[in-house]
Amino acid sequence: MRSHRLQTAGSCQLPSRSPHPAPGTMASSEEDGAVEEKENNNKKRTKSALATAWLTFYNIAMTAGWLVLAMAMMRFYIQKGTHKGLYRSIARTLKFFQTFALVEVGHCAIGIVRTSVIVTGVQVFSRIFMVWFIASSIRQIQNEESVILFLVVWTLTEITRYSYYTFKLLHHLPFFIKWARWSDRSGLCMRACCCVLMLKRVSGVDEIHSHPLTHSPEPPLRSGLSGESLSPRVTVLGILWYNGRYNLFIVFYPVGVVGELMTIYSALPFVRRTGMYSMRLPNLYNVSFDYYYCLIVIMLSYIPLFPQLYFHMLRQRRRVLHGEVVVEKDD
């Protein structure tokens, strides 16, 4: 009797299990997986929408900022008839927008922009160094032609770059471009044919780009107000802008580097004479630093860095304009 009761109790503690789960259990797990996948997709779409909204705002703001700088420089030169004093008149605006470009390094770091953090960081920090520790710190060189040279190159490059990114994120050209007229009608057909052939070479179909985050195909270009398809003339103008983004740097980038190097070279005598930013021994921290030789090292660093950055942009140009696959690695 006692043995029988123990066996009965054991049978209650270890109930028998079916070798196959109930049909309701399988359906429930499939539904849970589908719900979880749907939630993940919704989160990704939300993140993508937020990232696109932020990038659009950022690029519009930076385009406006560099346009303000361009207009300020033109107005100063028209009123004064000379470049002397130009840098001082725009220094505050320049420092703000160029320093704000540090955000771009964060974009690369968190992955909302698929660009090398190292390449972006070198470009941004080199410009910030030029603005804060060279041009703005040494008033004696602010009237040098080399300062105006790199300022003009920076301004034209950034207006083109940020406005291009803005158009790309908005998926269409602004409405006013639709009504833009070609000033020279002679040879228009030939230019249009060349641009249309270039468009076909780039995409193979009637689309220019893919979405920067999802890489999904875009519809044909449409105007911002009426939603109707843009005319071939506007499409051609858009292609010219599109190709300008990846062609202007071929000339502007070396010219800008020449301006920067000439500006640093002009600053060397003043830095050596005054001992600016230098620390001599003995001192409280027992550290020696010579800003003069630091600038020389920075100038020499352009020799290995400039070709790498320049050829990086040439590879990007081939990828965008000719569809070549280019793999970038952070060394």
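Cut-offs applied
- Residues numbered from 1 in each chain as written.
- Predicted model: local features only at pLDDT ≥ 70, side-chain atom pairs only at ≥ 80, totals over all residues.
- Heavy atoms only, no water.
- UniProt positions renumbered as here; feature names shortened; annotations may be inferred.
- Phe/Tyr/Trp six-rings, centres within 6.5 Å; stacked < 30°, edge-to-face > 60°.
- Helix = DSSP H or I, 4+ residues; strand = E, 2+ residues; numbered from the N terminus.
- Buried < 20%, exposed > 50% of the residue type's maximum accessible area, 1.4 Å probe, protein only.
- Lys NZ or Arg CZ within 6 Å of the ring centre and 35° of its normal.
- Axes fitted to C-alpha atoms, helices over the stretch in contact; angles between N-to-C directions.
- Left-handed = near helix turned anticlockwise from the far one by under 90°.
- Contact = heavy atoms within 4.5 Å.
- Nonpolar A, V, L, I, M, F, W, Y, C, P; charged D, E, K, R; others polar.
- Polar contact = N/O pair within 3.5 Å; in protein donor to acceptor, adjacent residues only side chain to side chain.
- Core = buried A, V, L, I, M, F, W, Y, C linked by side-chain atoms within 4.5 Å.

Named according to an unreviewed UniProt entry, the protein is Very-long-chain (3R)-3-hydroxyacyl-CoA dehydratase originating from Takifugu flavidus. Listed in UniProt under the heading Sequence similarities (unreviewed entry), the comment for the protein reads: "Belongs to the very long-chain fatty acids dehydratase HACD family."

Q: Summarise the packing of aromatic side chains; cite the residues concerned and give the values.
A: Tallied over the entire structure, the rule returns 16 aromatic pairs. Summarising the aromatic geometry, the rings of Tyr 253 and Phe 306 are spaced 5.6 Å apart at their centres and angled 15° between planes, so their arrangement reads as stacked. Here the residue Tyr 253 occupies a position in helix H10 (residues 248-274), and Phe 306 occupies one in helix H11 (residues 291-322), the gap between them amounting to 53 residues. For the pair Tyr 292 and Tyr 293, a centre-to-centre distance of 5.2 Å together with 85° between the ring planes defines the contact as edge-to-face. Here Tyr 293 falls in the partly exposed class, since its relative accessible area comes to 49%. Positioned above the aromatic ring of Trp 132, the side-chain terminus of Lys 95 is 4.8 Å from the ring centre. Its end group placed over the ring of Tyr 162, Arg 161 keeps NZ or CZ at 4.3 Å from the ring centre.

Q: If you had to explain the packing of helix H3 (residues 86-100) against helix H5 (residues 117-135) to someone new, which residues and values would you point to?
A: Packed helices, taken two at a time, are described by the angle their axes make and the gap between the axes. Relative to each other, H3 and H5 sit at 145°, their axes nearing to 10 Å. Considering the relative orientation of H3 and H5, their crossing is left-handed. Facing Tyr 87, Leu 94, Lys 95, Gln 98 and Thr 99 of H3, the residues of H5 in contact are Val 124, Arg 127, Ile 128, Val 131, Trp 132 and Ala 135. Here the residues of the contact of H3 with H5 are counted per class, giving 7 nonpolar, 2 polar and 2 charged.

Q: An account of the side chain of His 83 is requested, with residue identities and associated values reported.
A: Examined against the element boundaries, His 83 turns out to sit in the loop between helix H2 (23-80) and H3. For His 83, a relative accessible area of 17% puts it in the buried group. Here Asn 143 takes part through its backbone oxygen, which lies 2.9 Å from a polar atom of the side chain of His 83. If we skip the residues at most four places from it in the chain, His 83 touches Phe 76, Tyr 77, Asn 143, Glu 144, Glu 145 and Ile 148.

Q: Summarise the nonpolar core; cite the residues concerned and give the values.
A: Core analysis: the largest hydrophobic core is formed by 44 residues, its most contacted members being Trp 66, Tyr 87, Leu 151 and Leu 295. At the level of secondary structure, the elements contributing two or more residues to this core comprise H2, H3, H5, helix H6 (145-170), H10 and H11. Counting residues per element, this core draws most heavily on H2, at 8 residues. Apart from residues no more than four positions distant in its own chain, Leu 295 is found in contact with Phe 129, Ile 134, Ile 264, Leu 268 and Val 271. Formed by 6 residues, the second largest nonpolar core is a distinct cluster that contains Phe 249, Leu 309, Tyr 310 and Met 313.

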